[in-house]
Amino acid sequence: MPTVSVGRDRLFASLGKTYTQEEFEDLCFRFGIELDDVTTEKAIIRKEKHLEEEEADEDEEVIYKIEVPANRYDLLCLEGIAQALRIFDGKQEIPTYKVANISRESMIKMHVKPETSSIRPYVVCAVLRGITFDEGSYNSFIDLQDKLHQNICRRRTLVAIGTHDLDTLHHPFTYEALPPSNINFVPLKQVKNFRADELMEFYKSDLKLKKFLHIIENSPVYPVIYDRNRTVLSLPPIINGAHSAITLKTKNVFIECTATDLTKAKIVLNTVVTTFSEYCKKKFEIEPVEVIYSDGKSNIYPELSVYNMEVSLSYITGAIGVPLEAEKVTSLLNRMQLHAQKPVSGDNTTINVSVPPTRSDVLHPCDVMEDVAIAYGYNNVKDIAIAKGYNISKGRAVSLKPLRLEEFSHLIRLEMAMCGFTEVLSFILCSLSDNFAMLNHEDDGSTAVIIENPRSSENETARTSLMSGILKTVGQNKAHPKPIKIFEVGDIVLLDETKDVGATNRRQLAALYCGATAGYEIIHGLVERIMQVIGLVPPDDSTTYYLKPSDEPEFLRGTQASIIYKGKQIGTSGIVHPEVLSKFDIPDPCSYFELNVQCFL
């Protein structure tokens, strides 16, 4: 989940109260977020530069790192967190956001050229009038954009945000798509004029911006936004122009979001304008902009309409497992920034909920129910209620059975434990080297799911075998008394063109024996025991299972076998190759088997 760094003193000032760390942790827990870490700005810099830790100065600003839900875009900055906590504590009413009442003729216009449809077809805009920044709110305004870019905007591929000092520009604006050689401007934080194609080469050495170049660099046209005087506002999704850069003195901010996904663009725009409209002269009021397309159609943004939803009281109380009156439920929802009230008719079985534009995460009655549960407090829900299953479609507590695969996996775990093996859990993400080279395999490009822009080399791919994780576990526990007998029941991920997502999960069972001798007879016996409890022994014909010699590079030749079930290979077993053991720094011989348990269902 996203982690938001905020200055403690500024946060407490915004909350109107000073808390001890324990008190603030408790407040976060009750609201459904978490104080993840307490540090200082200098400590963060030292950590990034891998410098030795020093004692913190008393003058250093304390930084709170707060973990928030991934779909709560309104909590991605200090302003959003502070407002939510104030409302939760009853110190502030839920704001009512409104669009400034100006005529269509007076609105700022954004004209969209048809060529943009080939690269980034959508744009939404708004204006924050009479805004006042200080250093803290200015930095928070920039940080929110970065957080949104990393989160809902999917690193600018879906949405890119541009913010500009409106007083330096002349509207109406135009959103165009032109050949890169036809676009010239001075980019943000530069003094030299660049052609767009030159700019692409220039930013290939920029640690931050080079990650976004691939989005448009191979396109014959680049998206660009101009004002009436042909001044470039931005080259989305790469960089804004220096001419309209916002500063602490900026009073009127023009916001444009170009996108390939219109719904997400509207969410992003709403998040930015609602969060920072509290700094405007007219609080919580946003000036609209008309976006006009070449076919004559036009839309006015932002869309700050409230979404109304009727939710059954029995649905809420049945799901949580706690009997609550309608008045209590409405009170709890108001604490979570959802306007709620009983119907005027006096009907006590339905709650009317108005979802504000800040709560784009509320899509279904189950989201409303979750907010009631958070505000009520999960610790206040009795164990007897938690123990019941819940059928969402029926809106009542029922007894639910586990999935067959999970039930089957649990039985296999019990059997493996009774055979004297200890269960381990390894990560489903690993490096390409661990998944292939370390096991004497080559990546053929047709089996493994590759992670785009991985956070580290340890998260490059989803594992296609449990073997590397188990061998890593043994390598990290070489000093453990021998023999080591471990197993894992877990998922691997394989490319699969028949699935709508292009990949499929498969449940595997793997076990390893490590001792003074390889102990292949133990692993072989373990395979037979598992087959026996499944009901597939004796292995005397193709209707059950049988073994046949195999030639896998991770095992020693002549001491390995394929496990065949109904004519298909479902697993392998053998003595692990010394080269593989050496790569994982394992000095003792090992035997290993892995098989697909999903095929037995």
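Structure shown above.
The following paragraphs examine the structure supplied in this document. As the structure is a prediction and not an experimental result, all values here were calculated from the model. Throughout, a residue's number is its position along its own chain's written sequence, starting from 1. Only residues with pLDDT of at least 70 get local features here, since the model is predicted, and only at 80 or more are side-chain atom pairs given and counted; chain-wide, interface and lining totals rely on the full set of residues. Side-chain measures here rest on the full set of heavy atoms in the structure, leaving out hydrogens and waters.

1. Section: the sheet that holds strand 22 (residues 422-423)
Note the following rule: Only strands that DSSP links by at least two bridges are regarded as paired with each other. To qualify as a helix, a DSSP run of H or I must reach at least 4 residues; to qualify as a strand, a run of E must reach at least 2; elements of each kind are numbered from the N terminus.
If you trace the seven strands from one edge of the open sheet to the other, you get 22-25-26-30-29-28-27, paired in mixed fashion. The open sheet has two edge strands with one neighbour each: strand 22 and strand 27 (545-549). The pairing of strand 27 with strand 28 (residues 555-565) spans five bridges and is antiparallel. What sits directly across from lysine 548, in strand 28, is serine 562.

2. Quick look at the environment of valine 580
What counts, and what does not: Note on classification: 1.4 Å probe, protein chains only; a residue is buried when its accessible area is under 20% of the maximum for its type, exposed when over 50%, partly exposed between these limits. Only heavy atoms matter for contacts: two residues are in contact if any of them lie within 4.5 Å across the pair.
Mapped onto the secondary structure, valine 580 falls in helix 16 (residues 578-583). Here valine 580 falls in the buried class, since its relative accessible area comes to 0%. Sequence-wise, valine 580 and methionine 438 are 142 residues apart; in three dimensions their C-alpha atoms are separated by 6.2 Å. With residues near it in sequence (within four places) discarded, valine 580 still touches Met438, Leu439, Asn440, Leu471 and Glu554.

3. Here we look at the nonpolar core
Threshold: Residues belong to one nonpolar core when they are buried, are Ala, Val, Leu, Ile, Met, Phe, Trp, Tyr or Cys, and are joined through side-chain atoms within 4.5 Å.
Among the nonpolar cores identified, the biggest contains 97 residues, and Leu11, Phe24, Ile66, Met110, Leu148 and Phe254 are the most heavily contacted of them. Those residues in contact with isoleucine 66, other than ones at most four positions away along the chain, are Pro2, Thr3, Val4, Val6, Leu11, Phe24, Ile33, Glu34, Leu35, Asp36 and Ile81. Counting 27 residues, the second-largest nonpolar core is a separate cluster that includes Met416, Tyr520, Ile523 and Ile575.

4. What to know about the packing of aromatic side chains
Going by this rule: Within 6.5 Å between ring centres, the rings of Phe, Tyr and Trp (the latter by its six-membered ring) count as paired, and their orientation is classed by plane angle as stacked under 30 degrees, edge-to-face over 60, tilted in between. Charge-over-ring placement is defined geometrically: NZ (Lys) or CZ (Arg) within 6 Å of the ring centre, and within 35 degrees of the ring normal.
Counted according to the given criterion, the structure contains 16 aromatic pairs. Among the aromatic side chains, those forming a connected cluster through ring pairs are Phe133, Tyr138, Phe141, Phe276 and Tyr279. Over the ring of tyrosine 226 we find arginine 230; its NZ or CZ atom is 3.7 Å from the centre of that ring. Looking at arginine 335, its charged tip hangs above the ring of phenylalanine 88, at a distance of 4.1 Å from the centre.

5. Some remarks on helix 2 (residues 21-31)
The test is simple: Along the arc lie the directions from the helix axis toward the C-beta atoms.
Within the sequence span of helix 2, burial applies to Phe24, Leu27, Cys28 and Phe31. In an axial view of helix 2, the angular spread of the buried residues amounts to 95 degrees, which keeps them on one side of the axis. Facing away from the buried side of helix 2 by more than 90 degrees, the exposed set consists of Glu22 and Phe29. In this structure, the buried residues of helix 2 make contact with helix 1 (8-15), strand 2 (34-40), strand 3 (62-67), helix 4 (78-88) and helix 10 (365-376). Trailing helix 2 by a residue or two, glycine 32 shows a phi angle of about 100 degrees, which is positive.

Interpretation note: all reported values are geometric properties and have no functional meaning in isolation.
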